[in-house]
Amino acid sequence: MSVDSKLETLLEIVELENGDLAIRRAEEDGEPLMVVAFSDELRDTLDEKYVDVGRMMLTAGVQMVAESGYSLSPAGEAPAEPQPTIH
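Reading the values: rules and limits
- Each chain has its residues counted from 1, running along the sequence as written.
- Owing to the predicted nature of the model, reporting of local features is limited to residues with pLDDT of at least 70; listing and counting of side-chain atom pairs is limited to 80 or more, with chain, interface and lining totals taken over all residues.
- Working from all heavy atoms in the structure, the side-chain values ignore hydrogens and water.
- Every helix listed is a DSSP run of H or I at least four residues long, and every strand listed is a run of E at least two residues long, numbered separately from the N terminus.
- Exposure is judged per residue with a 1.4 Å probe applied to protein chains only, and the accessible area is read against the type maximum: over 50% gives exposed, under 20% gives buried, and values in between give partly exposed.
- Charged residues are defined narrowly, with Lys and Arg counted positive, Asp and Glu counted negative, and His plus the chain ends left uncounted.
- Every case where a carboxyl oxygen of Asp or Glu lies within 4 Å of a side-chain nitrogen of Lys or Arg is listed as a salt bridge.
- Contacts are assigned to residue pairs that have any heavy atoms within 4.5 Å of one another.
- Patch definition: residues above 30% relative accessible area lacking any salt bridge, with like charges linked at up to 9 Å and the nonpolar side chains Val, Leu, Ile, Met, Phe, Trp and Tyr linked at up to 5 Å.
- The Shrake-Rupley method, run with a 1.4 Å probe sphere, supplies the accessible areas, and residue values consider only the shown protein chains as cover.
- One atom stands in for each charge, and that atom is NZ of Lys, CZ of Arg, CG of Asp or CD of Glu.
- In summary, the pairing rule links any two rings of Phe, Tyr or Trp, Trp by its six-membered ring, whose centres are within 6.5 Å, and it sorts them by plane angle into stacked for under 30 degrees, edge-to-face for over 60 and tilted for everything else.
- Charge over a ring is defined by NZ of Lys or CZ of Arg lying within 6 Å of the ring centre and within 35 degrees of the ring normal.
- By definition, two strands form a pair when at least two bridges between them are found by DSSP.

**Student:** So what exactly am I meant to see when it comes to the side chain of Arg 43 here?
**Tutor:** Positionally, Arg 43 belongs in helix H1 (residues 40-46). No salt bridge is formed by the buried Arg 43. Its closest oppositely charged neighbour is Asp 20, at 4.2 Å. The contact partners of Arg 43, leaving out residues within four places of it in the chain, are Glu 15, Gly 19, Asp 20, Phe 38 and Tyr 50.

Written out as structure tokens, the structure reads:
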């Protein structure tokens with residue numbers, strides 16, 4: 001499958017109503033793909049930095065999924081074939 005024929009999924013990081021941070025498909029209101037939750041104690045300790053920490057955690061998770069060859073495309077789309085790693 002060529003790069004041009006692969007479907008891309010646009011993801012966004014959002015803050016949920018309960019304060020958790022999540023990754024979901026852009027322009028969809030469905031269930032988040034990943035969620036990061038902080039205790040009240042840690043959130044107070046980190047102050048507003050919890051958003052930066054959560055963003056980094058979610059980004060790392062998406063990168064690991066992509067590097068593993070899995071697709072975050074909606075169900076029904078053909079999964080992308082894992083690309084070989086050349087060293």
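Back to the write-up after that little detour.
**Student:** Whenever I open this one, the pattern of salt bridges confuses me. Can you help?
**Tutor:** For side chains bearing opposite charge, pairing can occur when the charged atoms are close. This structure, assessed with the given rule, holds two salt bridges. Residues Glu 12 and Arg 24 are paired through a salt bridge, measuring 3.0 Å at the closest nitrogen-oxygen approach. Remark: Arg 24 occurs in strand E2 (residues 21-25) and Glu 12 occurs in strand E1 (residues 11-15); sequence separation between them is twelve residues. With a closest N to O distance of 3.2 Å, Asp 52 and Arg 55 form a salt bridge. Remark: Arg 55 and Asp 52 occur in helix H2 (residues 49-67); sequence separation between them is three residues, near one turn of the helix. Assessed through its relative accessible area of 40%, Arg 55 is described here as partly exposed.

**Student:** Is there a simple way to think about a negative patch on the surface in this case?
**Tutor:** A cluster of acidic side chains, namely Glu 15, Asp 40, Glu 41, Asp 44, Asp 47 and Glu 48, defines a negative patch on the protein surface. The greatest single-element share of the negative patch, amounting to three residues, is contributed by H1. Note that Glu 15 resides in strand E1.

**Student:** Mind showing me how you'd approach the packing of aromatic side chains here?
**Tutor:** Given two aromatic rings, one states the distance between the centres and the angle between the planes to describe the pair. Across all of its chains, the model carries one aromatic pair by this definition. One cation-aromatic arrangement involves Arg 43 over Tyr 50; the distance from NZ or CZ to the ring centre is 4.5 Å.

**Student:** Help me understand the pairing of E1 in this model?
**Tutor:** Side-chain direction in a regular strand flips from residue to residue, so the side chains alternate between the two faces of the sheet. Pairing of E1 with E2, which is carried by five bridges, proceeds in the antiparallel orientation. Its bridge partner being in E2, Glu 15 is matched across the sheet by Leu 21. Remark: five residues form the turn of the hairpin made by E1 and E2, two consecutive strands paired antiparallel; Gly 19 in that turn has positive phi of roughly 95°.

These results come straight from atomic positions and should not be treated as a statement about function.
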